[in-house]
2 protein chains.
Amino acid sequence: MTFSTRELIVREADQIFYEKGFEAASFSDIAAAVGISRGNFYYHFKTKDDILDAVITHRLATTRAMLDDWARQSPSAVDRIMSFIQMLISNQTTIMAFGCPVGTLCSELAKLDHAARTRAAAIFGLFREWLEEQFRELGQTGNASELALHLLARSQGIATLANAFRDEDFVCTEVAALKAWLQSIIDDSSDKNRKERKNECT
Amino acid sequence: MTFSTRELIVREADQIFYEKGFEAASFSDIAAAVGISRGNFYYHFKTKDDILDAVITHRLATTRAMLDDWARQSPSAVDRIMSFIQMLISNQTTIMAFGCPVGTLCSELAKLDHAARTRAAAIFGLFREWLEEQFRELGQTGNASELALHLLARSQGIATLANAFRDEDFVCTEVAALKAWLQSIIDDSSDKNRKERKNECT
DNA sequence: GTCTATAGCCGGATAGAC
DNA sequence: GTCTATCCGGCTATAGAC
């Protein structure tokens with residue numbers, strides 16, 4: 001597991017962009033973290049925007065890998081969606097300190113009117129499509145898209161307020177509420193299935 | 001309705017901080033918008049942080065005024081909460097362009113580790129307390145705080161995704177879902193009241 | 001109160017030695 | 001590939017004329 005300088009730059013930039021924001025993160029910050037000189041940067045990247053592009057590409061890849069892992073680890077769609085929800089708990093500390101990496105990057109790039117805005121939003125797109133697929137597998141064929149966006153929005157709201165208020169209890173109650181919401185969807189759909197089966201009998 | 005230069009600076013800075021973010025907004029931007037020279041700034045404010053402080057103070061005041069208005073305009077707590085939800089529709093265009101003014105400022109200041117972070121979060125606090133009061137008036141005495149935070153979080157999530165995806169339909173469906181959620185709370189509580197009244201009779 | 005001029009700093013980016 | 005030295009521009013902030 002040895003990384004090229006380019007890879008090291010991308011990894012450190014990823015972290016620093018998250019913690020300080022893209023604009024506030026300077027080449028000096030990243031150079032210091034990687035342990036190279038500022039000048040050496042330009043051998044690997046032409047501009048700061050190029051680094052951002054590489055970071056977004058990296059995030060797209062790691063996100064895809066994470067979603068694949070979740071899919072591999074749990075055969076049931078409910079458990080997979082639970083993995084997504086559980087992320088709010090496992091990343092609670094960093095979320096309270098810096099917010100959601102995806103949400104905060106997207107809103108910063110929107111304000112900067114930055115060309116990479118849509119590519120950053122594509123990370124959200126990955127979650128969205130993956131969740132949609134899970135809901136469809138749950139039998140929510142008609143409204144899988146709405147459910148996916150709803151869950152994504154709920155998690156974003158939790159991250160934003162967790163960051164603003166730094167309140168652990170809030171995250172826990174909201175995550176519990178999300179799990180209850182997911183459960184209610186399953187219950188509703190099995191109710192419907194039961195009714196349908198009943199109708200078939202009569 | 002004539003404003004002092006200081007007031008003009010605060011108003012323009014408020015808008016520009018919202019649209020470009022605090023860090024990316026420069027004195028030149030604000031000076032150009034107000035129509036004064038950059039140097040003149042320092043007669044009114046010592047530092048950029050002082051302007052931010054004034055902007056937050058201004059936002060706290062306008063938010064309080066807006067909440068008072070909502071309270072004055074509708075005698076019922078449900079309608080008041082509806083006014084809050086409706087904000088997502090009336091501000092839809094700017095939200096899709098720049099996100100929520102409060103949420104985006106809070107997350108930027110968190111990343112900058114800025115001293116004004118907690119004061120910015122206090123704007124959220126105003127909404128939170130106001131909503132809490134409305135829910136208490138609705139008879140939700142036990143969980144008014146949770147409901148207020150929940151509604152605040154939902155609206156933040158909607159704003160973040162609306163900004164990322166620029167999808168009008170999403171905002172409409174989520175607002176409809178929020179209204180349904182509010183209605184379900186009222187229904188549940190009147191159900192309970194009915195049961196209690198029934199119990200009194202038997 | 002408002003201006004012009006400018007200091008001083010730090011950012012991104014370049015040139016060229018090693 | 002990595003370094004040092006340096007340019008250039010924009011930023012916040014200051015000084016002083018009007």
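1. Description of the overall build of chain A
In terms of regular secondary structure, chain A is built from 10 helices and zero strands. Principal axes of the C-alpha set define a box for chain A whose edges measure 80 × 35 × 30 Å. Split into buried and exposed, the 202 residues of chain A put 48% on the buried side. Restricting to contacts in chain A with at least 6 residues of sequence separation, those with at least 24 account for 68%. Of the roughly 9,800 Å² that chain A leaves accessible, carbon and sulfur atoms contribute 50%. Separation of charge centres in chain A, based on 23 positive and 28 negative side chains, amounts to 2 Å.

2. What about the protein's contact with DNA strand C?
If you check the shell around DNA strand C, you find 16 residues, and the closest are F27, Y42 and K48 of chain A together with T5 and S37 of chain B. Backbone sugar and phosphate groups make up 67% of those atoms of DNA strand C lying within 4 Å of the protein. Within the side chain of T5 of chain B, one N or O atom sits 3.0 Å away from a phosphate oxygen of DNA strand C. Here a phosphate oxygen of DNA strand C sits 2.8 Å away from a polar atom, N or O, in the main chain of S37 of chain B. Those elements giving two or more residues to the surface near DNA strand C turn out to be α2 (27-34) of chain A together with α3 (41-44) of chain B. Among the residues forming the surface near DNA strand C, the class breakdown is five nonpolar, nine polar and two charged.

3. Here's the deal with the protein's contact with DNA strand D
Surveying the vicinity of DNA strand D reveals 17 residues, the closest of which are T5 and S37 of chain A together with F27, Y42 and K48 of chain B. H44 of chain A places a polar side-chain atom, nitrogen or oxygen, 2.9 Å from a phosphate oxygen of DNA strand D. Those elements that provide at least two residues to the surface near DNA strand D are α3 (41-44) of chain A together with α2 (27-34) of chain B. For the surface near DNA strand D, the residue count by class is five nonpolar, nine polar and three charged.

4. Considerations on the relation of the copies chain A and chain B
With an RMSD of 0.0 Å, the operation that places chain A on chain B is a rotation of 180° combined with a shift of 0.0 Å along the axis. Expressed as a symmetry operation, the mapping of one chain copy onto the other fits a two-fold axis. It is G157 of chain A whose C-alpha, among those of chain A, lies nearest the rotation axis, at 1.9 Å. Comparing contact sets, 97% of the residues at the interface of chain A also lie at the interface in chain B, consistent with an isologous, same-surface contact.

5. Overview of the packing of aromatic side chains
Residues and elements named next belong to chain A. Overall, the coordinates contain 16 aromatic pairs over all chains when judged by the stated rule. Taking 5.4 Å as the distance between ring centres and 25° as the angle between the ring planes, the aromatic pair formed by F27 and Y42 counts as stacked. Taken together, the residues F27 in helix α2 and Y42 in helix α3 connect sequence positions 15 residues apart. These aromatic residues form a ring-pair network of at least three members: F27, F41 and Y42. If you follow K48 out to its NZ or CZ, it ends over the ring of F22, 4.6 Å from the centre.

6. Side note on the interface of chain A and chain B
Contact residues are listed per partner, giving 37 residues for chain A and 37 residues for chain B. Between chain A and chain B the total buried area reaches about 3,100 Å² when both faces are included, carbon and sulfur atoms providing 64% of it. The largest contributions to the chain A side of the interface with chain B come from K111, L161 and F165 of chain A, which together make up 21% of the buried area. At the surface where chain A touches chain B, the tally comes to zero salt bridges. In this structure, the connection of chain A to chain B is made through 10 residue pairs in polar contact (both at pLDDT 80 or more). Of the residues that constitute the side of chain A that touches chain B, the class distribution is 17 nonpolar, 10 polar and 10 charged.

7. A look at the pattern of salt bridges
Residue and element names in this part refer to chain A. One pass over the structure, following the stated rule, counts 12 salt bridges over all chains. The closest approach of N and O atoms between R119 and D53, which form a salt bridge, is 3.1 Å. Residue R119 is found in helix α8 (residues 117-137), and its partner D53 is found in helix α4 (residues 48-73); the two are separated by 66 residues along the sequence. R119 sits in the partly exposed class, given a relative accessible area of 30%. Judged by relative accessible area, which is 31%, D53 ranks as partly exposed.

8. A word on a nonpolar patch on the surface
Residues and elements named next belong to chain A. A surface patch of nonpolar side chains, about 350 Å² in accessible area, is lined by M1, F3 and L8. Secondary-structure assignment places F3 in the segment before α1 (5-20). Assessed through its relative accessible area of 31%, F3 is described here as partly exposed.

9. A closer look at unusual backbone geometry
Residue and element names in this part refer to chain A. One non-glycine residue, D113, lies in positive phi territory at about 55°. Tracing the backbone through its elements, the reader meets D113 in the loop between α7 (101-112) and α8. According to the relative accessible area criterion, D113 is exposed, its value standing at 68%. Look at R166: it is not a glycine, yet its phi comes out positive at around 55°. Here R166 is to be found in the loop between α9 (144-165) and α10 (168-201). On the basis of relative accessibility, which here comes to 35%, the residue R166 falls in the partly exposed class.

10. Considerations on the packing of helix α5 (residues 77-90) of chain B against helix α9 (residues 144-165) of chain B
Residues and elements named next belong to chain B. Where α5 meets α9, the axes come as close as 10 Å, and the angle between the chain directions of the two elements is 15°. As the angle between them shows, α5 and α9 are arranged roughly parallel. Where α5 crosses over α9, the handedness of that crossing is right-handed. Between α5 and α9, the contacting residues are I81, F84, I85 and L88 on the first element and L151, L152, S155 and I158 on the second. Split into classes, the residues belonging to the contact of α5 with α9 amount to seven nonpolar, one polar and no charged.

Rules used throughout
- Residues numbered from 1 in each chain as written.
- Chains lettered and ligands numbered in written order.
- Predicted model: local features only at pLDDT ≥ 70, side-chain atom pairs only at ≥ 80, totals over all residues.
- Heavy atoms only, no water.
- Helix = DSSP H or I, 4+ residues; strand = E, 2+ residues; numbered from the N terminus.
- Buried < 20%, exposed > 50% of the residue type's maximum accessible area, 1.4 Å probe, protein only.
- Contact = heavy atoms within 4.5 Å.
- Areas by Shrake-Rupley, 256 points an atom, 1.4 Å probe, with all protein chains shown as cover.
- Lys, Arg positive; Asp, Glu negative; His and termini not counted.
- Charge placed at Lys NZ, Arg CZ, Asp CG, Glu CD.
- Near = heavy atom within 4 Å.
- Polar contact = N/O pair within 3.5 Å; in protein donor to acceptor, adjacent residues only side chain to side chain.
- Nonpolar A, V, L, I, M, F, W, Y, C, P; charged D, E, K, R; others polar.
- Least-squares fit on C-alpha atoms with pLDDT ≥ 70 in both.
- Phe/Tyr/Trp six-rings, centres within 6.5 Å; stacked < 30°, edge-to-face > 60°.
- Lys NZ or Arg CZ within 6 Å of the ring centre and 35° of its normal.
- Buried area = accessible area lost by both parts, 1.4 Å probe.
- Salt bridge = Lys/Arg side-chain N within 4 Å of Asp/Glu carboxyl O.
- Patch = residues over 30% accessible without salt bridge, like charges linked within 9 Å, V, L, I, M, F, W, Y side chains within 5 Å.
- Axes fitted to C-alpha atoms, helices over the stretch in contact; angles between N-to-C directions.
- Parallel < 35°, antiparallel > 145°, perpendicular 65-115°, else oblique.
- Left-handed = near helix turned anticlockwise from the far one by under 90°.

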